[in-house]
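Residue-level listing of the chains:
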Amino acid sequence: MSPAFDEFLAVASALLQAADNQTDPATAEAFYRRAISTAYYALFHRITEDVTGLVVGHLEAHRQTVFRRSIAHPAFKGLRKDIADQHQQAEQAGLRERQSILVQLKALCDHLLQLQESRESADYSPHLDAPSITAEEALRSSAVALQTWAALPESSEALFAQSLLWHLALNQRFKAS
Amino acid sequence: MTSSLPKHPRPVMCRRLRRSSGKQTLERWLADDPPRADLIASYSVRAYSDRDGDPVLSIDVVPTVKALRSDGERQELFRYVRDLRHRAWSVAPGSIKVVNFRTSEPQR
């Protein structure tokens, strides 16, 4: 059974609330750090699970898990650039409907990359400035991105999945060479 | 006489040059179109590499006291910061752009 990824955001919210109630600053920071990390994973797991369903939904569960786990975090950096390039091409060709889809996908990648950076700091940086504001923004950002993702038509999700697959293949090729 | 300097910048030097010029581009962009003073008390641009070695440009912002006063104002701040980040992506290509919050001016 797949983990209940949708509950991640509720967990992040509970962590934020717990942090706000702490009297010891060090304990509060520990809660804020966990909240930031969980807010990122709420979005990351939702997207990777849906992309897995789109690409290999017909395979057995364990094969789907192998695919899902192969979606590495750095793939989203290349994806952002690729989507921006596609947007520019659509703009030049005057394809308005495609442009509006790509604007949404670009914004989604922005959320992902910002959350990735915030999570890196929260998980690895010994000094985290403004943890409460960063955690609050991470939660809001994750919630906005999840809403955007949920509202996307399947064709847009497929476009996102297709671009992501390309970057996974590209990374694999570089690793192999 | 032959020079001991390398004929071409080494890859690490190239990356540094690119990053520094990207930082200047982003700084110029922000100087021409400064962030909203009612929400952002001060800002600075920082260039660094993430854990994979990819260049990141961060706009470090210190929110104003007013922007953090109520839930509605905080929401406005976060909405504005998201828009700022999204717009920053079209400036200085080749870097990841993020906005990091600070409680005071970061040490450089």
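Colleague: How should the overall build of chain A be read in this particular structure?
Modeller: On a plain count of helices and strands, chain A comes out with seven helices and zero strands. Order of helices (α) and strands (β) in chain A, N terminus to C terminus: α-α-α-α-α-α-α. Relative to its length of 177 residues, chain A is compact, with a C-alpha radius of gyration of 17 Å against a globular reference of 16 Å. Overall, chain A is about 55 × 40 × 35 Å in size when its C-alpha atoms are taken along their principal axes. Of all intrachain contacts in chain A linking residues separated by at least 6 positions in sequence, the fraction that spans at least 24 positions is 74%.

Colleague: How do you make sense of unusual backbone geometry when you look at a structure like this?
Modeller: Glycine aside, a negative phi is what most residues show, and trans is what most peptide bonds show. At Ala 130 of chain A, a residue that is not glycine, the phi angle is positive and equals roughly 50°. You can see Ala 130 of chain A is positioned in the loop between α5 (96-124) and α6 (131-151). A residue is classified by how many C-beta atoms lie within 10 Å of it, and Ala 130 of chain A, with 20 of them, is buried. In this model, Ala 92 of chain B sits at a positive phi of 50°, which is unusual for a non-glycine residue. On the secondary structure map, Ala 92 of chain B appears in the loop between α2 (71-88) and β3 (96-101).

Colleague: Please clarify how the environment of Arg 87 of chain B should be interpreted in this entry.
Modeller: Residue and element names in this part refer to chain B. Counting through the fold element by element, Arg 87 comes out in helix α2. By the C-beta count within 10 Å, which is 12 here, Arg 87 ends up exposed. Spatially, the C-alpha atom of Arg 87 lies 9.6 Å from that of Lys 97, the residues being 10 residues apart in sequence.

Colleague: Any chance you could explain the packing of helix α2 (residues 25-56) of chain A against α6 of chain A here in plain terms?
Modeller: Working note: a packed helix pair is described by the angle between its axes plus the distance between those axes. All names here are of chain A. The contact between α2 and α6 brings their axes to 9 Å, and the two run at 15°. Between α2 and α6, the angle falls in the class roughly parallel. The element α2 and its partner α6 pack so that their crossing is left-handed. Across the interface between the two elements, Glu 29, Tyr 32, Arg 33, Ala 35, Ile 36, Ala 39, Tyr 40, Ala 42, Leu 43, Arg 46 and Ile 47 of α2 pack against Pro 131, Ser 132, Thr 134, Ala 135, Ala 138, Leu 139, Ser 142, Ala 145, Leu 146 and Trp 149 of α6. When the residues that make up the contact of α2 with α6 are grouped by side-chain class, the tally is 15 nonpolar, three polar and three charged.

Colleague: Help me understand the interface of chain B and chain A, please; the structure alone is not making it clear to me.
Modeller: Interfaces are often described in size by the accessible area the parts lose on coming together. The partner chain A presents 17 residues to the 18 residues of chain B that form the contact. Going through the elements one at a time, β2 (55-63), α2 and β3 of chain B are the ones with two or more residues in the side of chain B that touches chain A. If one sorts the elements of the side of chain B that touches chain A by residue count, α2 of chain B sits on top with six residues. Per-class residue counts for the side of chain B that touches chain A are eight nonpolar, two polar and eight charged.

Colleague: Explain the confidence of the model for chain B here, please?
Modeller: Detailed conclusions should not be drawn from predicted coordinates in areas where pLDDT is low. All names here are of chain B. Scored by pLDDT, chain B has a mean of 85; 78% of the residues are at 70 or more. Confidence, read as mean pLDDT per element, is least for helix α1 (residues 11-32) in chain B (76) and greatest for β2 (96). The ipTM for the predicted assembly is 0.87, set against a pTM of 0.87.

Colleague: Can you walk me through the pairing of strand β1 (residues 40-49) of chain B in this structure?
Modeller: The side chains of a regular strand alternate between the sheet's two faces. All names here are of chain B. Both β1 and β2 contribute to a ladder of nine bridges, which runs antiparallel. Residue pairing for β2: Ala 47 is matched across the bridge by Leu 57. Hairpin connection between β1 and β2: a loop of five residues separates the two successive antiparallel strands, and Gly 53 in this loop has a positive phi of roughly 85°.

Conventions used here
- Residue positions are given per chain, counting from 1 as you read along its sequence in written order.
- Whichever chain is written first is A, and whichever ligand is written first is 1; the rest continue in order.
- Only residues with pLDDT of at least 70 are given local features in this predicted model, and only at 80 or more are side-chain atom pairs given and counted; all residues enter the totals for whole chains, interfaces and linings.
- Per the convention used, a helix needs a DSSP run of H or I reaching at least four residues, while a strand needs a run of E reaching at least two, with both numbered from the N terminus.
- We take the radius of gyration over the C-alpha atoms and set the globule estimate at 2.2 Å times the residue count to the 0.38 power.
- Once C-beta atoms have been placed from the backbone, residue pairs whose C-beta atoms lie within 7 Å are recorded as contacts.
- Note on burial: count the other C-beta atoms lying within 10 Å of the residue's C-beta; 20 or more is buried, 12 or fewer is exposed, in between is partly exposed, and C-beta positions come from the backbone.
- A fitted line through C-alpha atoms represents every axis, and for helices the fit uses only the stretch in contact; the resulting angles, taken between N-to-C directions, go from 0 to 180 degrees.
- Should an angle fall under 35 degrees it is called roughly parallel, over 145 degrees roughly antiparallel, and 65 to 115 degrees roughly perpendicular, with every other angle called oblique.
- Note on convention: near helix rotated counterclockwise from far helix by under a right angle means a left-handed crossing. Clockwise means right-handed.
- Any residue outside Ala, Val, Leu, Ile, Met, Phe, Trp, Tyr, Cys, Pro, Asp, Glu, Lys and Arg is labelled polar, Gly included; the first ten of those are nonpolar and the last four are charged.
- Confidence of the predictor at the level of single residues is captured by pLDDT, which takes values from 0 to 100.
- Criterion used throughout: strands pair if DSSP finds at least two bridges between them.

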